[in-house]
Amino acid sequence: MSQSEDAGSATGAERDPEAVSTEAAGLLAERRQKLDRIRAAGIDPFPHGFEGREEIGTVLETHSGLEAGEETDSIHRVAGRIIGRRGHGKAAFIDLRDSTGQIQLHAKADVLGEEAFGLLDNLDLGDFIGVTGRAIVTRRGQLSLEVSEWRVLAKSLRPPPDKFHGLEDTETRYRRRELDLIANEDSREIFRVRARTVSEIRRWLDDHSFFEVETPVLQPLYGGALARPFTTHHNALDRQLYLRIATELYLKRCVVGGIDRVYELGKDFRNEGISMKHNPEFTMLEWYEAYADYEKTAADLETLVSEVAASVLGTTEIERDGRKIDLSPHWHRITLRQAILDNSGIDIARETTRESLAAAMGVELNETVGWGKLVDTLFSKRVEPKLVEPTFILDYPEELSPFAKAHRSEPGVVERWEAFIGGVEIANSFTELNDPDEQRRRFEQQAGEVARGDEEAQPYDESFIEALEQGMPPTGGVGLGIDRLVMMLTGTSSLREVVLCPAMRD
């Protein structure tokens, strides 16, 4: 990178915008000129591959025990992006990075020849090169490759983000994630943690004899959650379809069909607001186990999360807002009614009408909002932010849980829990309703909410009832939000930090 390009990559927060724009155009033109010079020298700046490449991380590990000033006869071929360079006359030191690590290259004119050295010395930050070199350790103790051959693998036509300050603008980081990943090691690590988390979850489920399936994303009728869907039109079928809001109803059909342990890990879509905890498309894990109930699923969820954390992070302890949180079993358990009473003084078992609950909450009653939605609002505002330690909130109103089985001993509620960590819900579970006649009644109850104007109510699904009429064994089901779990494991405060390409306004 030239000195002028170094200046152009500075933040420029107080510089004249027109001057910055002019300088940026000059840098782009300069890089185009360098591309032309490379081609004029008979070099393909975008070759098809680079055979025999080793990962930089492997090279670093192989020679980790060398002492300062030590040389070897080991020859290595590595490739990556140029992220730094320092020149000293007829020698240049280049920092090269791939996805596994960073290594210093030591290039000398008397080894490469004047022409090859000149071309290498004239490359820019962001360019990709492949090199062959001998492993040595400098007098300062830095492992390096003494370059004997090199070639351009891809010419970068735009300068990378500022190498000193990183990419700090939040909007740019989310809209141009490639720049964020180039500039910020922390961002790359977040997505490494995410990838390992998904892999470990799959491993855990596979080791526990669960069967992975894929169900339709485009569905003739949405269901399995209380949410507003995205709609689309299929031209060949000439019908309206919906992007799925959950995988629940299809996975239960698998249980009906004899797959006793089944799961799916994939995208769901909900046409709702965007916030620190919400994105219109998100990654969910749902699993269902025949002959289990919500007590069994709670034990499995806390075991899975703690074991995945231990595998991915090396510990079951995470930190949020300066507070240490231990994910090890056994998590705290409290009923929804008691949690609301403890934090608001309102007993929802006594305030059983929309009118009385709204009055107790001190809110104006909206005709489209049912009693269950008022309970949900009360819980979200008064209780949820305080659930920092891993906690199961148990036993929800039937109105909020159309697919959960009635509680075996507590009237008016169902066997459902939601799991919270750091003030964020990460998972939801039912002892699944398997009585087709009761499911029909619940659908009819939801139809009343639809008539009231609730766009998130569950539509009537006769085909699902017909599936239940074939017979479904007692079943426990879980939905675990992968994005939110990764938020907890990485200590981030927004879903946008852990979703590679979050939804953004124009």
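All values derive from a computational prediction rather than experimental measurement.

**Student:** Sorry, what's going on with the sheet that holds strand β15 (residues 391-397) here?
**Tutor:** Each strand in a sheet pairs with its neighbour through backbone hydrogen bonds, running either in the same direction (parallel) or in the opposite one (antiparallel). Taken in spatial order, the 8 strands of this open sheet run β6-β10-β11-β18-β17-β16-β15-β14, and their pairing is mixed. Of all the strands in the sheet, the pair left with one neighbour each is β6 (211-212) and β14 (332-335). Here β6 pairs with strand β10 (residues 261-269) via 2 bridges, running parallel. Each bridged residue has a counterpart across the sheet, and for Phe-211 the counterpart in β10 is Val-262. Across the sheet, helix α16 (residues 482-490) lies against β10, β11 (281-290), β16 (413-421), β17 (424-431) and β18 (475-481), angled at about 60 degrees from β18, the strand it touches most.

**Student:** Help me out: how do you make sense of unusual backbone geometry in this one?
**Tutor:** It is generally the case that most residues other than glycine have a negative phi and that most peptide bonds are trans. With an omega dihedral of 10 degrees, the bond running from Pro-329 to His-330 counts as a cis peptide bond. Residue position: His-330 is located in the loop between β13 (323-326) and β14. A positive phi angle, near 50 degrees, is found at Asp-238, a position not held by glycine. Mapped onto the fold, Asp-238 is located in the loop between β8 (231-234) and β9 (239-243). Positive phi outside glycine occurs at Tyr-291, with the angle close to 70 degrees. Within the secondary structure, Tyr-291 sits in the loop between β11 and α10 (294-313).

**Student:** Got a minute to help me understand the packing of aromatic side chains in this structure?
**Tutor:** How two aromatic rings sit relative to each other is set out by the distance from centre to centre and by the angle between their planes. With the rule as written, the count across this model stands at 9 aromatic pairs. Ring geometry for Phe-392 and Trp-417: centres 4.8 Å apart, planes at 70 degrees, overall edge-to-face. Residue Phe-392 is located in strand β15, and its partner Trp-417 is located in strand β16; the two are separated by 25 residues in the primary sequence. The exposure class assigned to Phe-392 is buried, which follows from its relative accessible area of 0%.

**Student:** Please clarify how the pattern of salt bridges should be interpreted in this entry.
**Tutor:** Side chains that carry opposite charge are capable of pairing whenever their charged atoms lie near each other. Counted according to the given criterion, the structure contains 49 salt bridges. Residue Arg-203 pairs with Glu-200 through a salt bridge whose shortest N-O separation is 2.8 Å. Here the residue Arg-203 and the residue Glu-200 both occupy positions in helix α8 (residues 185-207), the gap between them amounting to 3 residues, near one helical turn. Judged by its relative accessible area of 33%, Arg-203 falls in the partly exposed class.

**Student:** Even after reading the chapter, I still don't get the packing of helix α11 (residues 336-344) against helix α13 (residues 371-382), so can you show me in this structure?
**Tutor:** At a closest axis distance of 10 Å, the pairing of α11 and α13 adopts a crossing angle of 55 degrees. When the interaxial angle is binned, α11 and α13 end up oblique. Where α11 crosses over α13, the two elements pack in a sense that is left-handed. In contact with Leu-336, Ile-340, Asn-343 and Ser-344 of α11, α13 contributes Val-375, Leu-378, Phe-379 and Arg-382.

**Student:** Teacher, can you tell me more about the packing of helix α14 (residues 436-452) against helix α15 (residues 462-469) here?
**Tutor:** The description of two helices packed together rests on the angle between their axes and the distance between the axes. Close contact between α14 and α15 brings their axes to 9 Å; oriented N to C, the two are set at 165 degrees. By the angle between their directions, the pair α14 and α15 is classed as roughly antiparallel. The handedness of the crossing between α14 and α15 is right-handed. In this structure, α14 uses Pro-436, Gln-439, Arg-440 and Phe-443 to contact α15, whose residues at the interface are Glu-462, Phe-464, Ile-465, Leu-468 and Glu-469. Class assignment of the residues belonging to the contact of α14 with α15 gives a composition of 5 nonpolar, 1 polar and 3 charged.

**Student:** Honestly, empty space enclosed by the protein in this entry has me stumped. Any pointers?
**Tutor:** Empty space among the atoms can be located by rolling a probe the size of a water molecule over them. Taken as a whole and assessed by the stated rule, the structure comprises 1 cavity of 30 Å³ or more. Computed from the structure, the largest cavity encloses a volume of approximately 60 Å³. Around the largest cavity, the lining residues are Leu-226, Gly-372, Lys-373, Glu-399, Leu-400, Gln-446, Glu-449, Asp-454, Glu-456 and Ala-457. Broken down by secondary-structure element, the contributors of at least two residues to the lining of the largest cavity are α13 and α14. Classifying every residue of the lining of the largest cavity by side-chain character gives 3 nonpolar, 2 polar and 5 charged.

The rules we used
One numbering rule holds for all chains: residues counted from 1, following each sequence as written. Note on the predicted model: pLDDT of at least 70 is required for a residue's local features to be given, and 80 or more for side-chain atom pairs to be given and counted; whole-chain, interface and lining totals, by contrast, use all residues. Think of the side-chain values as coming from all heavy atoms in the structure, minus any hydrogens and water. Think of it this way: DSSP has to see at least two bridges between two strands before they count as a pair. For helices the rule is a DSSP run of H or I covering at least 4 residues; for strands it is a run of E covering at least 2, with both sets numbered from the N terminus onward. Contact definition: two residues touch when any of their heavy atoms are within 4.5 Å. Helix axes are fitted only over the stretch in contact, all axes being lines through C-alpha atoms; the angle between N-to-C directions runs from 0 to 180 degrees. Only the six-membered ring of Trp is used, alongside the rings of Phe and Tyr, when aromatic pairs are assigned; centres must lie within 6.5 Å, and planes under 30 degrees apart are stacked while those over 60 apart are edge-to-face, with the rest tilted. Partly exposed describes any residue whose relative accessible area lies between the buried limit of under 20% and the exposed limit of over 50%, with all areas from a 1.4 Å probe on protein chains only and scaled to the type maximum. For salt bridges, the criterion is a side-chain nitrogen of Lys or Arg within 4 Å of an Asp or Glu carboxyl oxygen. Angles below 35 degrees are treated as roughly parallel, those above 145 as roughly antiparallel, those between 65 and 115 as roughly perpendicular, and all remaining angles as oblique. The sense of a crossing depends on the near helix, which, turned anticlockwise from the far helix by less than a right angle, makes the crossing left-handed and, turned clockwise, makes it right-handed. We call Asp, Glu, Lys and Arg charged. Ala, Val, Leu, Ile, Met, Phe, Trp, Tyr, Cys and Pro are nonpolar, and the rest, Gly among them, are polar. Site definitions follow a grid-based scheme: protein atoms alone, a 1 Å grid, a 1.4 Å probe that fits but cannot get out for cavities, and for pockets an open set with protein on both sides within 12 Å along at least five of seven lines, plus lining residues having an atom within 4 Å of a point. Grid points are joined across faces, edges and corners, and a volume is the space filled by probe spheres set on the points.

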